[in-house]
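# A closer look at the structure
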Amino acid sequence: MSQSIRLTLKIWRQKGPADPGRFETFAAEDISTDMSFLEMLDVVNEKLILEGREPVAFDHDCREGICGSCGAVVNGRPHGHLRGTTLCQLHMRHFRDGDTIVIEPFRARAFPVIKDLVVDRSALDRLMQAGGFVSVNTGSAPEANTLPVPSDRAERAMDAAACIGCGACVAACPNASAMLFTSAKVSHLALLPQGRPEAARRVLSMVRAMDACGFGNCSNHRECEMTCPKEISIVHIARLNREALKAGFLSPER
Amino acid sequence: MSWLFSLLGSSVGKKWLMAATGCAFLGFLAAHFAGNLTVFGGPDAFNGYAERLQSLGPILHLFRAVLILCALVHITTGIVLFFQNRKARPVAYQVSAGAGGRTLSSRTMPYTGLLILAFVVFHLFHFTFVDKASITLFERVVAAFRRPDLLALYSAMMIVVALHVRHGFWSAFQTLGLHHPKYMPWIFALSLVAAFGTAIGFGALPILVAARM
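Residues numbered from 1 in each chain as written. Chains lettered and ligands numbered in written order. Predicted model: local features only at pLDDT ≥ 70, side-chain atom pairs only at ≥ 80, totals over all residues.

## Describing the overall build of chain A
What chain A contains, in helices and strands, is eight helices and seven strands. Sorting the 254 residues of chain A into buried and exposed places 46% on the buried side. Counted over contacts in chain A with a minimum sequence separation of 6, partners at least 24 positions apart contribute 71%. (Helix = DSSP H or I, 4+ residues; strand = E, 2+ residues; numbered from the N terminus. Buried ≥ 20, exposed ≤ 12 C-beta atoms within 10 Å, placed from the backbone. Contact = placed C-beta atoms within 7 Å.)

Have a look at this one:
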């Protein structure tokens with residue numbers, strides 16, 4: 001049953017990277033519980049535009065939980081309090097009439113705020129450039145059965161490949177560490193025959209890039225796996241540690 | 001050699017150092033606990049154990065040197081990690097609500113670590129670097145635990161050590177890449193056993209000594 005609720009929003013406003021920023025309070029009236037969180041923000045923004053005020057900037061794209069664009073910290077939880085859900089897939093039926101909602105951008109030294117709730121996540125792109133790929137010759141695709149991949153292994157690689165690169169793991173980590181993101185990439189490719197040839201170089205290069213971007217260190221708090229909208233497990237962090245040990249001490253890669 | 005330093009200086013390398021040195025301390029705790037049990041054998045058993053330990057000479061010095069080296073690495077790396085992690089989030093959240101991953105034990109690691117350091121220094125000057133000629137170690141231990149303030153300090157500190165062990169134990173496995181779907185539930189259970197073992201095994205000893213002797 002669709003209902004109409006009224007909310008008080010405390011939203012982080014910041015004009016640009018140099019602006020110190022502050023919280024602003026908005027009343028969100030007549031919000032349908034069938035709306036998604038982002039649709040609720042759209043309603044707030046339409047009202048702001050009609051009043052001639054600056055709308056709240058937030059990142060979004062597919063709005064179906066697969067692109068990794070959206071994400072803000074809602075009442076202290078990246079993507080909100082619902083497990084395994086991106087912010088765009090969080091619906092207003094999970095809030096109660098009269099609730100106060102505090103909305104903040106992802107906070108990390110490696111994710112500087114661009115405007116309001118929009119942060120620069122290009123550090124994750126730099127991590128991908130450091131090793132989140134396989135090098136193959138172009139040309140016609142090889143016969144699929146030349147590289148057999150057992151089904152359970154493909155499933156485990158897919159568990160890691162489900163990462164949409166939203167950065168919620170960094171936002172949730174008390175140390176702003178990017179270990180879950182990096183380990184998902186390392187693990188995804190290390191589990192597949194196509195990724196094995198470059199596995200040692202990849203893990204060392206990605207760890208170096210992770211440190212250079214200014215992310216923190218993993219303390220095994222497990223906040224990341226509890227927050228990840230794709231529910232990626234810290235099993236992959238253990239695999240990164242294992243791959244890094246093997247690569248660091250047993251391979252000729254530096 | 002430069003590859004080794006850059007490897008151990010990386011974020012994962014620093015965690016390996018914490019895990020490996022932490023494992024050494026867990027081994028030390030187990031040995032210390034076994035030694036402690038001799039106190040229930042009476043003055044002769046306990047003093048005899050202390051004397052035999054001293055008579056090991058160079059082996060004892062080697063063990064001490066390794067432990068001091070581990071402590072230096074564990075403390076220095078821990079402090080570096082603490083400040084790097086603080087620096088990684090310069091602006092704090094207005095509302096901080098965990099998703100259920102953090103525990104009291106994981107949250108307090110740097111602080112329990114520093115408390116343990118202070119306690120270890122106190123403990124060494126209390127029972128190890130002392131005059132053993134005019135008073136036997138057994139008498140010294142019994143006299144110490146008859147004082148309620150020292151009794152409370154020693155027993156309370158064991159809860160602090162247990163908290164540190166609870167997160168450190170399983171964390172060491174995870175950091176060294178030893179995560180396996182079959183064994184991880186055991187490792188979690190073992191970290192609880194190690195924590196309760198530390199709290200009860202070490203914590204109950206001063207109370208039992210004070211009550212019985």
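## Examining the domain arrangement of chain A
All names here are of chain A. Domains assigned within chain A are domain 1 (4–114) and domain 2 (121–250). Each of domain 1 and domain 2 was reduced to a C-alpha centroid, and the two centroids are 29 Å apart. Contacts between the two partners involve 18 residues from domain 1 and, on the opposite side, 17 residues from domain 2. Grouping the amino acids of the side of domain 1 that touches domain 2 by side-chain chemistry returns eight nonpolar, seven polar and three charged. (Domains from an automatic or database assignment. Nonpolar A, V, L, I, M, F, W, Y, C, P; charged D, E, K, R; others polar.)

## Observations regarding the packing of helix α6 (residues 199–212) of chain A against helix α8 (residues 235–250) of chain A
All names here are of chain A. Where α6 contacts α8, the axes come no closer than 9 Å and their chain directions differ by 110°. As judged from the angle between their axes, α6 and α8 are roughly perpendicular. On α8, the residues that touch A199, A200, V203, L204 and V207 of α6 are L240, E243, A244, A247 and G248. Of the residues assigned to the contact of α6 with α8, the class counts are eight nonpolar, one polar and one charged. (Axes fitted to C-alpha atoms, helices over the stretch in contact; angles between N-to-C directions. Parallel < 35°, antiparallel > 145°, perpendicular 65-115°, else oblique.)

## Re unusual backbone geometry
The phi torsion at D30 of chain A lies on the positive side, around 55°, for a residue other than glycine. With respect to the helices, strands and loops of the structure, D30 of chain A is situated in strand β2 (residues 22–32).

## Here we look at the sheet that holds strand β1 (residues 4–13) of chain A
Two modes of strand pairing occur in sheets, parallel and antiparallel, and in both the strands are linked by backbone hydrogen bonds. All names here are of chain A. The mixed open sheet is built from five strands, whose spatial order is β2-β1-β5-β3-β4. The open sheet has two edge strands, β2 and β4 (77–78), and neither has a second partner. In the sheet, β1 pairs with β2 via nine bridges, with the strands oriented antiparallel. Its bridge partner being in β2, I5 is matched across the sheet by I31. (Pairing = 2+ DSSP bridges.)

## Brief notes about the pairing of β1 of chain A
In terms of strand pairing, β1 of chain A meets strand β5 (residues 100–104) of chain A through four bridges, oriented parallel. For K10 of chain A, the partnering residue across the bridge sits in β5 of chain A and is V102 of chain A.

## Some details on the interface of chain B and chain A
Of the residues lining the interface, 33 residues belong to chain B; the matching set on chain A comes to 42 residues. Mapped onto the side of chain B that touches chain A, the elements with two or more residues apiece are α1 (2–9), α2 (11–36), α4 (58–87) and α8 (148–175) of chain B. Residue composition of the side of chain B that touches chain A, grouped by class: 13 nonpolar, 15 polar and five charged.

## Brief notes about the nonpolar core
Counting residues in hydrophobic clusters, the biggest one holds 101 residues, and the most contacted among them are L127, C169, V170, L180, F181 and V203 of chain A. At eleven residues, α8 of chain B tops the list of elements feeding residues into this core. The two domains that each donate at least three residues to this core are domain 1 (4–114) and domain 2 (121–250) of chain A. Here F181 of chain A is in contact with L124, L127, C163, G165, C169 and V170 of chain A, once residues within four sequence places are set aside. (Core = buried A, V, L, I, M, F, W, Y, C linked by C-beta atoms within 7 Å.)

## Side note on the environment of D152 of chain A
Here D152 of chain A is to be found in helix α3 (residues 151–161). Spatially, the C-alpha atom of D152 of chain A lies 37 Å from that of P105 of chain A, the residues being 47 residues apart in sequence.

## With respect to the environment of P142 of chain A
By the element assignment, P142 of chain A lies in the loop between α2 (122–131) and α3. The exposure class of P142 of chain A is exposed, given the 10 C-beta atoms found within 10 Å.

## Let's talk about the confidence of the model for chain B
Mean pLDDT for chain B: 93, with 100% of residues reaching 70 or above. Across the whole predicted complex the pTM is 0.94, and at the interface the ipTM reaches 0.92. (pLDDT = per-residue confidence, 0-100.)

## Some thoughts on α2 of chain A
Residue and element names in this part refer to chain A. For α2, the full list of buried residues reads A123, L124, L127, A130 and G131. Looking straight down α2, one finds its buried side chains confined to an arc of 110°; they lie on one side. Buried residues along α2 sit in contact with α5 (179–190) and α6. (Arc of directions from axis to C-beta.)

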